[in-house]
Amino acid sequence: MARILLGVTGGIAAYKACTLVRLLVRAGHDVYPILTAGAERFVSAETFFALARRAQSDDPYQHLEHADLLVVAPLTANTLARLAHGLADDLLTEAALAHDGPLLVAPAMNVRMWEHAATRANAETLRARGAVFVGPEDGELAEGEVGVGRMAEPEQIALAIEALLAGSGKERPLRGRRVLVSAGGTREPLDTVRFVGNRSSGRMGVALAEEARRRGAEVTLLAANLAVQAPAGVTVVETPTAADLEREALARADADVIVMTAAVADYRPARPEAEKRPKGAAPWTVRLEPTSDVLAALGAGRRPNQVLVGFAADGAESGLDRARQKRSAKSADIFVFNDVSRSDIGFDSLENEVVLLSNGGERHVPKAAKSEIAATVLDEVERILSEQ
Ligand SMILES: Cc1cc2nc3c(=O)[nH]c(=O)nc-3n(C[C@H](O)[C@H](O)[C@H](O)COP(=O)(O)O)c2cc1C
């Protein structure tokens, strides 16, 4: 299964791209549709998102979505020109500039547009950069003329996509691996309605689960009060409290890769009240007791050839030092440190900036979308797995 960005541009053939989405989803791919304003004159984005089985995103960084392949079908003369010249004036062309993988295009246009010297030159520019062209075909065009310009049939485009993915070797490097990811923040009850919690939204863990599944892993997500939707195609186990998370994690401690991103409470109310405590004038003193350290327990019982990843959310000053100590104390292969004293990254934000500590050394990963940070962490996991 691969993650495919599917650009749809403003030609009559846009309706055929619906069939292409269905074929790709049926083949198990994760399709992320991006329609130009021109395309939306012919088809609705809603149809594409429904066929791709995903909600329309309100993420301001959609153009930074990490993908194995960018497909544009149909490709208009206009967008062909924009791609050839590196314009970035809408979501699709921004995504194309940010995309560092293969590009496959299926042009569709009037024969005279296709044969125009400007279009020929633009197609040559894209080809020279390695873009794969499928079609256009010779035949009757929408406006009644006959000539080269018809979009290739969706089945033919889907076959070309499979061939390209198989050749790119980017497909499913974690196939056959069981990956356990924890995400979110636990809530420790004070009484039946109140709790002690933290601000973790679960975005980082969800991005990791999604990326691991995209790489072919069998993923279980331990979900602690997620503020975001869990990705499709992963097994979700609800773990609202530290005790739930510990129990479910230890029950799955034989996974090939364990990534603990959830912010698990370090302390919980020692005696949660059995009913909602009525409001009163007197102060309420709560005694907190330490919870057990799930990562340390997983590290102590780890099996050979397992990769264990911990996350440390801490302040910048001494946090990095503490993360270094934790990595060795908890027998983790990778520790990902992020500075939660900053408000622009980390807890509850769309981006993160981390330091990756592993046996390969320490690497600062600059601020990026959490999907990209997830890809970097899993690249490191794959490197360690390949050394075993
Ligand atoms: C009815 C109709 C059909 C069109 N079909 C095509 C087409 O098949 N290929 C093409 O290159 N342009 C076609 N166009 C022109 C594009 O819609 C126009 O160039 C638009 O600016 C493309 O924007 P986009 O590339 O951002 O989607 C068509 C326009 C109309 C009104």
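Reading the values: the criteria
Residues numbered from 1 in each chain as written. Predicted model: local features only at pLDDT ≥ 70, side-chain atom pairs only at ≥ 80, totals over all residues. Heavy atoms only, no water. Axes fitted to C-alpha atoms, helices over the stretch in contact; angles between N-to-C directions. Helix = DSSP H or I, 4+ residues; strand = E, 2+ residues; numbered from the N terminus. Parallel < 35°, antiparallel > 145°, perpendicular 65-115°, else oblique. Left-handed = near helix turned anticlockwise from the far one by under 90°. Contact = heavy atoms within 4.5 Å. Nonpolar A, V, L, I, M, F, W, Y, C, P; charged D, E, K, R; others polar. Pairing = 2+ DSSP bridges. Domains from an automatic or database assignment. Buried area = accessible area lost by both parts, 1.4 Å probe. Salt bridge = Lys/Arg side-chain N within 4 Å of Asp/Glu carboxyl O. Polar contact = N/O pair within 3.5 Å; in protein donor to acceptor, adjacent residues only side chain to side chain.

(A) Quick look at the packing of helix 8 (residues 203-214) against helix 12 (residues 370-387). Packing of helix 8 against helix 12 leaves a shortest axis separation of 8 Å and a crossing angle of 55°. By the angle between their axes, helix 8 is oblique relative to helix 12. Two packed elements cross with a definite hand, and for helix 8 against helix 12 that hand is right-handed. On helix 12, the residues that touch R203, M204, A207, L208, E211 and A212 of helix 8 are K370, S371, I373, A374, A375, V377 and L378. Per-class residue counts for the contact of helix 8 with helix 12 are 9 nonpolar, 1 polar and 3 charged.

(B) Inspection of the sheet that holds strand 1 (residues 3-8) at higher detail. Strand order in the open sheet formed by 5 strands is 2-1-3-4-5, and the pairing between neighbours is parallel. Of all the strands in the sheet, the pair left with one neighbour each is strand 2 (30-35) and strand 5 (132-133). Judged from the 4 bridges that link them, strand 1 and strand 3 (residues 69-75) form a sheet pairing that is parallel. Of the residues in strand 3, the one forming a bridge with G7 is V72. In the packing of helix 1 (residues 16-26) onto the sheet, contacts are made with strand 1, strand 2 and strand 3, and the angle to strand 1 comes to roughly 175°.

(C) Here's a closer look at the domain arrangement of the protein chain. By domain assignment, the protein chain separates into domain 1 (3-168) and domain 2 (178-271 + 283-387). Centre-to-centre separation of domain 1 and domain 2, based on C-alpha positions: 37 Å. Each side of the interface is counted separately: domain 1 has 9 residues, and domain 2 has 9 residues. Summed over both partners, the interface of domain 1 with domain 2 buries about 810 Å², with 54% contributed by carbon and sulfur atoms. Among the residues of domain 1 in contact with domain 2, Y61, L64 and H66 are the three that bury the most area, contributing 52% of the side total. Scanning the region where domain 1 abuts domain 2 turns up 2 salt bridges. For E210, the salt bridge is made with R3, and the minimal N-O distance between the two is 3.7 Å. Counting across the domain 1 and domain 2 interface gives 1 residue pair in polar contact (both at pLDDT 80 or more). Residue composition of the side of domain 1 that touches domain 2, by class: 3 nonpolar, 1 polar and 5 charged.

(D) Main features of unusual backbone geometry. Going from A73 to P74, the amide bond is cis rather than trans, its omega being -5°. Within the fold, P74 resides in strand 3. In this model, G135 is joined to P136 through a cis peptide bond whose omega is 5°. Tracing the sequence through the fold places P136 in the loop between strand 5 and strand 6 (137-140).

(E) Representation of the sheet that holds strand 18 (residues 351-358) within the structure. Pairing is mixed across the open sheet formed by 8 strands, whose spatial order is 12-11-8-13-16-17-18-19. Looking at which strands have only one partner, the edges of the open sheet turn out to be strand 12 (235-238) and strand 19 (361-369). The mean angle between the axes of side-by-side strands here comes to 20°, regardless of whether they run parallel or antiparallel. In terms of strand pairing, strand 16 (residues 307-314) meets strand 17 (residues 334-339) through 6 bridges, oriented parallel. Paired with V309 across the strands is I334, a residue of strand 17. Strands strand 8 (178-184), strand 11 (218-224), strand 13 (257-260), strand 16 and strand 18 of the sheet are contacted by helix 8, whose axis makes an angle of about 160° with strand 8. Against the sheet, helix 9 (residues 242-251) engages strand 8, strand 11, strand 12 and strand 13, with an angle of about 165° to strand 11.

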